[in-house]
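If you want the building blocks of each chain, they are given just below.
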Amino acid sequence: MRPKVTVVGAGNVGATVAQYVVERELADVVLTDVIEGLPQGKALDLLQAGPIHRYDCRLTGSNEYRETADSDIVVITAGLARKPGMSRDDLLFKNAEIVKGVVEQVARYSPNAILIIVTNPLDAMAQLAFRVSGFPKHRVIGMAGILDSARFRTFIALELNVSVENVTAFVLGGHGDTMVPLPRYSTVAGIPITELLPKERITALVGRTANGGAEIVNLLKAGSAFYAPGASTTEMVEAILRDKKKILPCAAYLEGEYGISGLYVGVPVKLGRKGMEEIIQITLTVEENAALKKSAAAVRELIDKLKI
Ligand SMILES: NC(=O)c1ccc[n+]([C@@H]2O[C@H](COP(=O)([O-])OP(=O)(O)OC[C@H]3O[C@@H](n4cnc5c(N)ncnc54)[C@H](O)[C@@H]3O)[C@@H](O)[C@H]2O)c1
């Protein structure tokens, strides 16, 4: 039997996750949304791409949770996306209401699932899902760092005119303006970019990365990025379902790691069939540590507003 992945929210990110998951034949997919016909229509359309793209996965759409029962993974993308001029944090209260309602249903129908949270503001929504579901921390993980580091990798590859496959990048912290890219751990064919690029170019690339989501929101005008977010989420789904033990930057609940407690923040984790199997700790410089603490404080502010 193929694994089962539910994607809640059949909008731009959700539908893209569904597409990438079936294209890799990772799982059967149930798409759900509050809009009648939307998940059914997109699921049927994607199903009909199967004979051409050669996948046998089942896709179904639903406005109810019964069909999501016993999912292995539930990806939560339900909620509002940013419009030009909005920060991720502007979405806080509306999306908190949506995510709370969704997680209550998901936890009821799939009590053993691993939750991947995508809805913004990401770290706060992951923490809300963790509290509402009552699931252990290894089964509630937020997607952000993979996207942020993919953006950084893209800009590094463009700058140096090298293959993206040669570039790795390391990003810590909350998803937002306070994210903390670590250039000394970002490499091209194993060489730290600090050896390959002058400081001011690295600063420029870091700035573009931190602003990467807003750059796309400003271009699209209606809605926010979804191809790279969909790909990043699918990487998590694959690492879990294939038990890859892959080290990826994700939002995880910290209990003392990096000197932070009781908070979801982006850190390198090991993803495998059990979910978030380990938090990888590295030694930070004084400046990096200060930047991470500042990022965590920004997440804490949202958590305090939500009183969770
Ligand atoms: N973590 C990240 O890195 C990242 C990246 C991109 C987008 N996002 C976030 O993901 C979310 C979705 O973005 P999008 O571009 O797909 O938006 P979208 O508007 O295209 O889709 C959101 C969907 O959620 C549905 N929805 C709303 N309330 C619901 C509910 N209660 N139950 C089920 N479905 C519900 C809507 O009907 C809509 O179809 C946004 O909050 C966005 O900010 C996060």
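Presented here is an overview of the structure given in this document. Quantities reported herein were computed from a predicted structural model and do not represent experimental measurements.

Digging into the overall build of the chain
The helix and strand inventory of the chain stands at 10 helices and 14 strands. For a compact globule of 308 residues, the expected C-alpha radius of gyration is about 19 Å, and the chain comes in at 19 Å, within 12% of that figure. Taking the principal axes of the C-alpha coordinates as reference, the chain spans close to 55 × 45 × 40 Å. When each of the 308 residues of the chain is scored for burial, the buried share is 52%. Sequence-distant contacts, at least 24 apart, represent 69% of the contacts inside the chain between residues at least 6 apart. Counting 35 positive and 34 negative side-chain charges, the chain places the centres of these two groups 1 Å from one another.

Re the sheet that holds strand β11 (residues 191-192)
The strand order across the open sheet formed by three strands is β7-β10-β11, and the pairing between neighbours is antiparallel. Of all strands in the sheet, those with a lone pairing partner are β7 (167-168) and β11, marking the two edges. Bridging between strand β10 (residues 187-188) and β11 involves two bridges; their strand directions are antiparallel. Pairing of Thr187 across the sheet is with Pro192, part of β11.

Details of the packing of aromatic side chains
Two measures describe an aromatic ring pair: the distance that separates the ring centres and the angle between the ring planes. According to the stated counting rule, one finds five aromatic pairs in the structure shown. On the numbers, 5.4 Å between centres and 40 degrees between planes, the contact of Phe170 with Tyr185 is tilted. With Phe170 in the loop between β7 and β8 (171-172) and Tyr185 in the loop between β9 (180-181) and β10, this pair connects stretches of sequence that are 15 residues apart. A relative accessible area of 32% places Tyr185 in the partly exposed class.

Details of the pairing of strand β14 (residues 275-279)
Note on strand geometry: in a regular strand, side chains alternate between the two faces of the sheet. Bridging between strand β13 (residues 261-272) and β14 involves four bridges; their strand directions are antiparallel. Its bridge partner being in β14, Gly272 is matched across the sheet by Gly275. The antiparallel hairpin formed by β13 and β14 contains two residues in its connecting segment.

Quick notes on the site of the ligand
Inspection of the region around the ligand gives 27 residues, with Val13, Asp33, Leu80, Val118 and Met143 positioned closest. Contact between the ligand and Gly79: an oxygen atom at 3.3 Å from a main-chain N or O atom of the residue. In this structure, Asn120 approaches the ligand through a side-chain N or O atom, which is 3.0 Å from an oxygen atom. When the free accessible area of the ligand is taken as 860 Å², the share hidden by the protein chains comes to 86%. Those elements giving two or more residues to the shell around the ligand turn out to be α1 (12-23) and α4 (92-109).

Regarding the side chain of Asp33
Structurally, Asp33 can be placed in the loop between β2 (28-32) and α2 (38-47). The side chain of Asp33 is buried and forms no salt bridge, while Lys42, the nearest opposite charge, is found at 7.3 Å. Residue contacts for Asp33: discarding those within four places in its chain leaves Gly9, Ala10, Gly11, Leu38, Pro39, Ser62 and Asn63.

Comments concerning the pattern of salt bridges
Evaluation of the coordinates by the stated rule reveals 15 salt bridges. When the shortest N-O distance is used, the salt bridge between Lys245 and Glu277 registers 2.8 Å. You can see Lys245 sitting in the loop between α9 (227-241) and β12 (246-255) and its partner Glu277 sitting in strand β14, a full 32 residues away along the chain. Using a relative accessible area of 36% as the deciding quantity, one classes Lys245 as partly exposed. Shared partners join several salt bridges into a network, and the residues in it are Arg24, Glu238 and Arg242.

Some details on the packing of α1 against α9
In a pair of packed helices, the angle between the axes and the distance between the axes together describe the arrangement. The geometry of α1 relative to α9 is characterised by a closest axis approach of 8 Å and an angle of 50 degrees between their N-to-C directions. It follows from the interaxial angle that α1 and α9 lie oblique. As α1 packs across α9, the resulting crossing turns out to be right-handed. Contact residues: Val13, Thr16, Val17, Tyr20 and Val21 in α1; Tyr227, Pro229, Gly230, Ala231, Thr233, Thr234 and Val237 in α9.

Observations regarding helix α6 (residues 145-160)
Between its terminal C-alpha atoms α6 stretches 22 Å, which fits the 22 Å expected from 16 residues at 1.5 Å a residue. Within α6, burial applies to Gly145, Ile146, Leu147, Asp148, Ser149, Arg151, Phe152, Phe155, Ile156 and Ala157. Of the residues trailing α6, Asn161 is marked for its positive phi of about 55 degrees.

Here's the deal with a negative patch on the surface
The grouping of Asp89, Asp90, Asp177, Glu301 and Asp304 at the surface amounts to a negative patch. Counting through the fold element by element, Asp90 comes out in the loop between β4 (73-76) and α4.

Describing the layout of surface pockets
Roughly 810 Å³ of volume is contained in the largest pocket. Lining the largest pocket are 40 residues; nearest its centre among them are Thr77, Ala78, Gly79, Leu80 and Ala81. The set of elements that each furnish at least two residues to the lining of the largest pocket consists of α1, α4, α6 and α8 (212-220). Residue contributions to the lining of the largest pocket peak at four residues, all from α4.

About the cut-offs
- Residues numbered from 1 in each chain as written.
- Predicted model: local features only at pLDDT ≥ 70, side-chain atom pairs only at ≥ 80, totals over all residues.
- Heavy atoms only, no water.
- Helix = DSSP H or I, 4+ residues; strand = E, 2+ residues; numbered from the N terminus.
- Rg over C-alpha atoms; globule rule 2.2 N^0.38 Å.
- Buried < 20%, exposed > 50% of the residue type's maximum accessible area, 1.4 Å probe, protein only.
- Contact = heavy atoms within 4.5 Å.
- Lys, Arg positive; Asp, Glu negative; His and termini not counted.
- Charge placed at Lys NZ, Arg CZ, Asp CG, Glu CD.
- Pairing = 2+ DSSP bridges.
- Phe/Tyr/Trp six-rings, centres within 6.5 Å; stacked < 30°, edge-to-face > 60°.
- Near = heavy atom within 4 Å.
- Polar contact = N/O pair within 3.5 Å; in protein donor to acceptor, adjacent residues only side chain to side chain.
- Areas by Shrake-Rupley, 256 points an atom, 1.4 Å probe, with all protein chains shown as cover.
- Salt bridge = Lys/Arg side-chain N within 4 Å of Asp/Glu carboxyl O.
- Axes fitted to C-alpha atoms, helices over the stretch in contact; angles between N-to-C directions.
- Parallel < 35°, antiparallel > 145°, perpendicular 65-115°, else oblique.
- Left-handed = near helix turned anticlockwise from the far one by under 90°.
- Expected span 1.5 Å × (residues − 1).
- Patch = residues over 30% accessible without salt bridge, like charges linked within 9 Å, V, L, I, M, F, W, Y side chains within 5 Å.
- 1 Å grid on protein atoms, 1.4 Å probe; cavity = no way out; pocket = protein on both sides within 12 Å on 5 of 7 lines; lining within 4 Å.
- Points joined across faces, edges and corners; volume = space filled by probe spheres on them.

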